[in-house]
Amino acid sequence: MGGIERIESADVRLVAGTKGLNKRKLIWAGLGVLAVVFFGTLPFYYDVHNGQYGVFFFNVFVYAIVAQGWNLIGGYTGQISLGQNAFFGIGAYTMALLWFNDVTKTGYYFDPVLMIASAVAPAIVAVLVGLPLLSRLRGDYFAFGTLGMGMIVTVLFINGGYFTGGAEGRMLVSKMPPDVVFNLRTHYWVAFLVAVLVTLVVYFLTSSRVGLALKAIREDEVAAASHGVNVLKYKVIAFAVGASTAGVAGSIYGYYLLQVTPSNVLTQNWLFYPILMVVLGGTGTILGPWVGAFLIYLLSWYGDQYFTGYSPILSGVVIILVMLFLPSGIMGLGQKVPDWGKRVRGSG
Amino acid sequence: MNEVGFFTRVSASFVTFSRRGFVKHKRLLLIGAALVVLALVAVSLAACGSDDTTTTTAPAESSDTTAPAESSDTTTAGAEMGDDIVIGAINSLTGSNVLTGQEEKWAQEKAVADINAKGGIKLADGKQHNVVLKFADDKSQPTEGAAAMEKLIKADGLKIVLSSNITPVNQAAAQVAEKYQAYFHITSSWTDEASPDGSFPGFIGGMDLKWATDMFESAGDSGLVAIGGAKALDPADAPTTFAVMTENTPDGVGFGDATKAGLEAQGWKVASYEKFVEGNKDFSSIILKFKQANVDAVVTLIAPSDGITFVKQMKEQNWSPKYLFGYKGFWPVDFYAALGDDANYISYDGFWSETLPFPYAKELGQAFQDDHDGNTSNSVGLYYAAAQILFTAIERAGSTDPGAVRDQVFNGSFPGTTMGDITYNDQGIADIPFLAFQWAPGGERVVLYPTEFATGKTVTFVPWDQR
């Protein structure tokens, strides 16, 4: 292909892309930019360290990261993984053990090398576990397989002796550089940045040929395979990317709590809450995990304050209502309202 | 596994529904959406409008508790009343630890009702101040314990907080308290320090906390209680070969490792160390191992439901060690109710007894029985004493400044509590002795150890075929 042909080809793609940017997408993109600007600059006009909304949004971001990862596996690929807590824990432990043993010798507090390692380690485990599980198991059986993997990982860390710190895990307070004072603002920004990055990764992944393959697998594996989609390859890719996002979230939470133990980072809270968030927000949508994380944590936060001891009931009632009347999640509402509007206009 | 299977299917169904949508239910969809939006708006409005308010709990009502002082300008003694002192309290209001959480909550509310009935706490301003508690639910999870501490500090503005009663939860919450210089008054969490070589990180004592204190026992020494109970057996019946059996959880393995080491350090032979999955329904292979190893004494950390299963299978296999001692799961009233006479001669740990010769112990025990259909508790005195100590520390500090209150507890002595005289060291740790109990026929709790508080001698576990 010559140079001109390449330019013409690029122009065609550009025109096609511009046509794709319809009004609705532009509105969403605008809202997204506004949200990023708002949350990104919040620490400049609000004391996120001492104010309650700082830690509130920090937790929302961490949950949104895990939920976005599960969304890629469960929502876009249709594979129900019940092992996200294991990947969260592996990520947290990777950061903690490398930091505790001063492997990188950087002395940094938020060491980017450790955070990248926290994403890579769970991805490797996901590939090793995913190849046999995803090639042989489907549906409920795959879900049980990942659940079993989570249990195995938990027991291994509990009984890991000196290497993992055993049941007591690793205390990281003593590893804080002496000149660093804990300030939640740093954690807020890191969690927010990673949450945005993960969202962009999932967006571009699902908008690409890979995403097309994932959606095809979700709809009908056999049909996808018959059209030349390498089903196992794409399922493993989704599983590994979902695992690495959970791992990064684990390292961020570990940096926040400065105490990584099996009961903190391998608890099934990091499995069930993110799934609920995705389902509530809308499976297979980019903003669903964000909306779900915000709503579930909002219910938990204020439910605990105003209905102390009964907040799980409040969360349960809302989840039941949404599942009954909004089976596509909150994001499904956006698609339903125009339909309703058309019907009203039509009847008028 | 049934719950997991159910969840898996429900998750799968959710995803399927989400993909397909419910086209048929547009009207219901709109009603549902409206309800959700209304609920969220209500929650948000309530949240926004209540930033400066504080939710308080009603003081406990009990038969022998005087009604708490009402918010008036003066007390009956004529002292001027100041604003209420609001103290945070993290508690397992939901989740697997809720039974213990309820006992702790009862004791804390009783302590508050009693101090308020006496006119409250006098501060440096010369005024008397009533105490109110603001509870936060840890949901029996460490991550939720940390979140509960965040909420109390940031949403409620509280910087003096009473603890929950599980070590991992309190460790997580303590990390948060440390960051915001809030004083965390811990009880019921292992006090162990780190080992010199760093191989064992310790529990609360190993965290080098500047803003938390802890009144409890070390996990390493907790095994001594079981040994103390064994030593109280008739020498002719004394066991020789121990087994340690524990659930394969962080708490369980921490306990199991420490207990095994403690028993061996005392010169006892530990022939078997078994870990099992929480919720285990089949202990037959473990029992068989114990038989083969000629084990005649078992020390275990086990949940009540697992403990009931274990004892029933011991009976089915007609295996009777001379001594069976259980932590965590053998002391609840429900354990005795489920097993009936089969629970007789089983020993267990506890923190307190109404038979202890300490001020107000008998009255507190009676109040608990009055409120709980005659059931007794072997823990409420500990939680009550923790609240007593905190109130005293606040009064001594003359203010509710968390640093000033903390400084009163570090190196502080607190005589006359329901746990006796309590002294904290310079690390903010107060070690208290555990008690060993045994179920006697009829469901009576007999104190075996420490010897000076014993209300009876340990009775050898009567073999099943001789009952």
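Residues numbered from 1 in each chain as written. Chains lettered and ligands numbered in written order. Predicted model: local features only at pLDDT ≥ 70, side-chain atom pairs only at ≥ 80, totals over all residues. Heavy atoms only, no water.

> Would you explain the overall build of chain B in this entry?
Within chain B, the regular secondary structure consists of 13 helices and 17 strands. Long-range pairs, those at least 24 residues apart, make up 71% of the contacts in chain B between residues at least 6 apart in sequence. Carbon together with sulfur atoms contributes 51% to the accessible area of chain B, which is approximately 18400 Å² in total. (Helix = DSSP H or I, 4+ residues; strand = E, 2+ residues; numbered from the N terminus. Contact = heavy atoms within 4.5 Å. Areas by Shrake-Rupley, 256 points an atom, 1.4 Å probe, with all protein chains shown as cover.)

> Can you walk me through the domain arrangement of chain B in this structure?
Residues and elements named next belong to chain B. Structurally, chain B comprises domain 1 (85–218 + 359–431) and domain 2 (221–349 + 435–466). Each of domain 1 and domain 2 was reduced to a C-alpha centroid, and the two centroids are 29 Å apart. In this complex, domain 1 contributes 13 residues to the contact, which on the side of domain 2 involves 12 residues. With both chains or domains summed, domain 1 and domain 2 bury close to 1100 Å², and 55% of this area falls on carbon and sulfur atoms. The interface formed by domain 1 and domain 2 contains zero salt bridges. On the surface where domain 1 and domain 2 come into contact, there are three residue pairs in polar contact (both at pLDDT 80 or more). Counting only elements with at least two residues in the side of domain 1 that touches domain 2, the list comes to α3 (98–117) and α5 (167–179). In terms of residue class, the side of domain 1 that touches domain 2 is built from five nonpolar, six polar and two charged. (Domains from an automatic or database assignment. Buried area = accessible area lost by both parts, 1.4 Å probe. Salt bridge = Lys/Arg side-chain N within 4 Å of Asp/Glu carboxyl O. Polar contact = N/O pair within 3.5 Å; in protein donor to acceptor, adjacent residues only side chain to side chain. Nonpolar A, V, L, I, M, F, W, Y, C, P; charged D, E, K, R; others polar.)

> In this structure, what is going on with the packing of helix α9 (residues 209–219) of chain A against helix α11 (residues 231–257) of chain A? I would like to understand it.
Helix packing for two helices is described by the angle between their axes and how far apart those axes are. Residue and element names in this part refer to chain A. Put simply, α9 and α11 touch, their axes get as near as 10 Å, and they point 105° apart. Regarding the angle of α9 to α11, the classification is roughly perpendicular. On α11, the residues touching Val-210, Ala-213, Leu-214 and Ile-217 of α9 are Val-231, Tyr-234, Lys-235 and Ala-238. Here the contact of α9 with α11 is built from residues that sort into seven nonpolar, no polar and one charged. (Axes fitted to C-alpha atoms, helices over the stretch in contact; angles between N-to-C directions. Parallel < 35°, antiparallel > 145°, perpendicular 65-115°, else oblique.)

> What exactly am I supposed to notice about unusual backbone geometry here?
With glycine set apart, most residues show a phi of negative sign, and most peptide bonds adopt trans. Residues and elements named next belong to chain B. In this chain, Tyr-449 is followed by Pro-450 through a cis amide linkage whose omega measures 0°. Among the structural elements, Pro-450 can be located in the segment after β17 (444–449). Despite not being glycine, Ser-188 has its phi angle at roughly 65°, a positive value. Mapped onto the elements of the fold, Ser-188 is located in the loop between β6 (183–187) and β7 (212–216). On the basis of relative accessibility, which here comes to 4%, the residue Ser-188 falls in the buried class. (Buried < 20%, exposed > 50% of the residue type's maximum accessible area, 1.4 Å probe, protein only.)

> Is there a simple way to think about a nonpolar patch on the surface in this case?
Together, A:Ile27, A:Trp28, A:Leu31, A:Leu34 and A:Leu287 line one region of the surface with nonpolar side chains, adding up to about 480 Å² of accessible area. A:Leu287 gets classed as partly exposed once you look at its relative accessible area, which sits at 32%. (Patch = residues over 30% accessible without salt bridge, like charges linked within 9 Å, V, L, I, M, F, W, Y side chains within 5 Å.)

> Teacher, can you tell me more about the pattern of salt bridges here?
Where charged atoms of side chains with opposite charge meet at close range, the side chains can pair. In total, this model carries 16 salt bridges over all chains according to the counting rule given. In this structure, the salt-bridge partner of B:Lys110 is B:Asp114, at a minimum N-O distance of 3.2 Å. Taken together, the residues B:Lys110 and B:Asp114, both in helix α3 and four residues apart, mark about one turn of the helix. Salt-bridge contacts for B:Glu150 lead to B:Lys154; the nearest nitrogen and oxygen are separated by 3.0 Å. Placement of both B:Glu150 and B:Lys154 in helix α4 (residues 142–155) is noted, with a separation of four residues, approximately one turn of the helix. Like B:Glu150, the residue B:Lys154 is buried in the burial classification. Ionic contacts of the salt-bridge type, sharing partners, join the residues A:Asp304, B:Lys139, B:Glu144 and B:Lys151 into one network.

> Even after reading the chapter, I still don't get the sheet that holds β7(B), so can you show me in this structure?
Hydrogen bonds along the backbone pair up the strands of a sheet, which may run parallel or antiparallel. Residue and element names in this part refer to chain B. The six strands are arranged β4-β1-β5-β6-β7-β15 in an open sheet whose pairing can be described as parallel. Each edge of the open sheet is held by one strand with a lone partner, namely β4 (131–137) and β15 (429–431). Shown here is a sheet whose adjacent strand axes are inclined to one another by a mean of 20°, direction ignored. Examined bridge by bridge, strand β1 (residues 85–91) and β4 share seven bridges and lie parallel to one another. Following the sheet pairing, Ala-89 is matched in β4 by Phe-135. Across the sheet, α4 touches β1, β4, β5 (160–162) and β6, and the angle it forms with β1 is around 165°. (Pairing = 2+ DSSP bridges.)

> I keep staring at the nonpolar core and nothing clicks. Help me out?
Considering soluble globular proteins, one finds that nonpolar side chains tend to be buried as a cluster. Membership of the largest hydrophobic core comes to 135 residues, with the highest contact counts inside it found for A:Phe61, A:Trp99, A:Ile252, A:Tyr256, B:Met149 and B:Phe184. With 16 residues, the top contributor of residues to this core is helix α3 (residues 52–76) of chain A. Counting 104 residues, the second largest nonpolar core, distinct from the first, contains B:Ala111, B:Phe203, B:Ala343 and B:Leu448. (Core = buried A, V, L, I, M, F, W, Y, C linked by side-chain atoms within 4.5 Å.)

> It is not clear to me how the packing of α3(A) against helix α13 (residues 269–281) of chain A should be interpreted in this structure. Could you clarify?
Residue and element names in this part refer to chain A. Orientation of α3 relative to α13, taken along the N-to-C sense of each, is 75°, at an axis distance of 8 Å. One finds that α3 runs roughly perpendicular with respect to α13. Residue-level inspection shows Val-62, Tyr-63, Val-66, Ala-67, Trp-70 and Asn-71 of α3 in contact with α13, the latter providing Asn-269, Trp-270, Tyr-273, Pro-274, Ile-275, Met-277 and Val-278. Grouping the amino acids of the contact of α3 with α13 by side-chain chemistry returns 11 nonpolar, two polar and no charged.

> Is there a simple way to think about the confidence of the model for chain B in this case?
If pLDDT is low for a region, its predicted coordinates should not be looked at in detail. Residue and element names in this part refer to chain B. Put simply, chain B has an average pLDDT of 84, and 83% of its residues get 70 or more. Of all the helices and strands in chain B, helix α1 (residues 2–20) carries the lowest mean pLDDT, 42, while β5 carries the highest, 98. Note on residues 1–26: pLDDT is under 50 here. Beyond four places in sequence and across chains, it has 38 contacts. Note that residues 36–72 has pLDDT below 50 and, in this model, 53 contacts with residues that lie over four places away or in other chains. (pLDDT = per-residue confidence, 0-100.)

> I keep staring at α3(B) and nothing clicks. Help me out?
Every α-helix winds through 3.6 residues per turn, so residues three or four apart in the chain are directed the same way. Residues and elements named next belong to chain B. Across its 20 residues, α3 extends 28 Å between first and last C-alpha, which sits within 8% of the 28 Å expected from 1.5 Å per residue. Among the 20 residues in α3, 15 count as buried, and that is most of the element. After α3 finishes, the residue Gly-119 shows a positive phi value of roughly 110°. (Expected span 1.5 Å × (residues − 1).)

> Help me understand helix α13 (residues 402–409) of chain B in this model?
All names here are of chain B. When we look at burial in α13, the residues that qualify are Pro-402, Gly-403, Val-405, Arg-406 and Val-409. Mapping the buried residues of α13 onto a view down its axis gives an arc of 160°, with all of them on the same face. Of the surrounding elements, those touching the buried residues of α13 are β5, β6, β7, α12 (380–397) and β13 (413–417). Asn-411, located one to two residues past α13, shows a positive phi value of around 65°. (Arc of directions from axis to C-beta.)

> Is there a simple way to explain the environment of B:Trp352 in this structure?
All names here are of chain B. Topologically, Trp-352 is positioned in the loop between β12 (347–350) and α11 (361–371). For Trp-352, a relative accessible area of 0% gives the class buried. Note: C-alpha distance between Trp-352 and Thr-249 (103 residues apart in sequence) is 26 Å. At 3.0 Å, the side chain of Trp-352 forms a polar contact with the backbone oxygen of Thr-418.

> Please explain the environment of B:Val161 as it appears in this structure.
Residue and element names in this part refer to chain B. Within the secondary structure, Val-161 is located in strand β5. With 216 residues separating them along the chain, Val-161 and Ser-377 place their C-alpha atoms 24 Å apart. Ignoring anything within four residues of it in the chain, the contact list for Val-161 reads Gly-88, Ala-89, Ile-90, Met-149, Leu-152, Tyr-183, Phe-184 and His-185.

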